[in-house]
Amino acid sequence: MTPPKNSIVVGDSIRGIKTLPDDFVHMILSDIPYGIGADEWDVLHDNSNSAFLGSSPAQQKAGAVFKKRGKPINGWSDADRAIPRQYYEWCSRWASEWLRVLKPGGTAILFAGRRYMHRCISALEDAGFSYKDMLAWMRDRAPHRAQRLSVVYERRGALQAAATWTGWRVGNLRPTFEPILWFAKPYKIGTTIADNVLAHGVGAFNEEAFVRYGRSPDNVLACGFEPGESGLHPTQKPVKLMQALIELATLEGHLVLDPFCGSGSTLVAARNLRRKYLGFEINREYARVAEERLVDRLCGDHEARRIERNG
Ligand SMILES: C[S@@+](CC[C@H](N)C(=O)[O-])C[C@H]1O[C@@H](n2cnc3c(N)ncnc32)[C@H](O)[C@@H]1O
């Protein structure tokens, strides 16, 4: 059964989206699992690396410095090297269904991690999407977790090495931007994009609305959290950022789908802009938070509904 518009489905979107009709939604906007964290919902690989969460004998000996690192990126184990391919396979499980339910010319915008986003792009391209552009979201805060090499040597008592390698780190530079991937569903052969816009209401972008969120139609966005907004989900996105992206590609009354909606930032943005929304969230607690955020803002003919799907 097709879930009603303005609802959150508690369950697996990979299965749930199969129940939606063809050409159903005007836009898909989703902050998908990046496959880089240690949270259960973000572990999309076999997880057979012996160093996962600092559990290898060498790491145990070195102490707590490795405890927070979910997935080593040294590339020295077969399990590490399999992760990008496993991420591609995971994206391929849902990409063709996303294409099917999106209207011709419709926009799909995804947040994806810098390390595996190329696999996500390939999976969506292989499913039939056109990849249009990569935008960047500049974050207000970006903790820099790269480990100081001199600290490791000091712990070992290797003071000469610590002095030589002062100022050096292992890991990455400070992650100040997150990529936003912009895809389109190709419009039908034998028509033009202008015909497609008239037929389906999608295919162009609203520059006039978008520039209100920044100074110009640049592909770098800097929308941050409002006071008191954050803290609902470990990877929460600002509602204002989601609003900028929704206004880029839809009109009032259009339906926006978020298959990995977390605490519901996309859905709140959609309803603030008088769009319809449909969210899926597998984690019952995050779905409850999303529902609360939507119920808070209930007005007029909008109605937040929760649908339980077991499996
Ligand atoms: C990156 S988070 C989204 C956070 C969101 N942007 C926010 O502002 O709260 C991705 C979410 O997808 C959910 N998820 C993971 N696999 C899922 C699946 N197969 N179906 C539905 N939700 C899933 C996770 O529980 C997680 O809350």
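Residues numbered from 1 in each chain as written. Predicted model: local features only at pLDDT ≥ 70, side-chain atom pairs only at ≥ 80, totals over all residues.

Q: Could you clarify how one ought to interpret the overall build of the chain in this entry?
A: Secondary structure summary: the chain contains 11 helices and 11 strands in total. Taking all 311 residues of the chain together, 36% fall into the buried category. (Helix = DSSP H or I, 4+ residues; strand = E, 2+ residues; numbered from the N terminus. Buried ≥ 20, exposed ≤ 12 C-beta atoms within 10 Å, placed from the backbone.)

Q: I'm lost on the site of the ligand in this one. Help?
A: Neighbouring residues of the ligand: 19 residues in total, closest Asp-31, His-233, Phe-260, Gly-262 and Ser-265. Per-class residue counts for the shell around the ligand are 7 nonpolar, 8 polar and 4 charged. (Near = placed C-beta within 6 Å. Nonpolar A, V, L, I, M, F, W, Y, C, P; charged D, E, K, R; others polar.)

Q: Please explain the nonpolar core as it appears in this structure.
A: Soluble, globular proteins show a tendency: their nonpolar side chains are buried together. With 66 residues, the main nonpolar core has Cys-120, Leu-181, Ile-246 and Val-256 as its most contacted residues. Every residue in contact with Val-256, bar those within four places of it in the chain, is listed here: Val-25, His-26, Met-27, Leu-29, Ile-246, Thr-250, Thr-266, Ala-270, Arg-275 and Tyr-277. (Core = buried A, V, L, I, M, F, W, Y, C linked by C-beta atoms within 7 Å. Contact = placed C-beta atoms within 7 Å.)

Q: Looking at this model, I keep getting lost on helix H10 (residues 265–272). Mind explaining?
A: It helps to recall that an α-helix has 3.6 residues per turn; residues three or four apart then point in one direction. In terms of burial, H10 is largely enclosed, as 7 of its 8 residues are buried. Of the residues making up H10, those classed as buried are Ser-265, Thr-266, Leu-267, Val-268, Ala-269, Ala-270 and Arg-271. Positive phi appears at Arg-274, one or two residues downstream of H10, with a value of about 60°.

Q: What's the story with helix H3 (residues 78–101) in this structure? I'm lost.
A: Taking 1.5 Å per residue as the helical rise, H3 with its 24 residues ought to reach 34 Å, and the 36 Å between its terminal C-alpha atoms agrees with that figure. Among the residues making up H3, those that are buried are Ile-83, Tyr-87, Trp-90, Cys-91, Trp-94, Ala-95, Trp-98 and Val-101. Against helix H1 (13–16), strand E2 (25–31), strand E3 (102–111) and helix H4 (117–127) lie the buried residues of H3. (Expected span 1.5 Å × (residues − 1).)

Q: Would you mind going over the pairing of E3 with me for this structure?
A: Of all 10 residues that make up E3, 9 are buried, and the element is covered over most of its length. Pairing analysis gives 5 bridges linking E3 to strand E7 (residues 177–184), with the strands arranged antiparallel. Opposite Ala-108, over in E7, you have Phe-183 as the bridge partner. (Pairing = 2+ DSSP bridges.)

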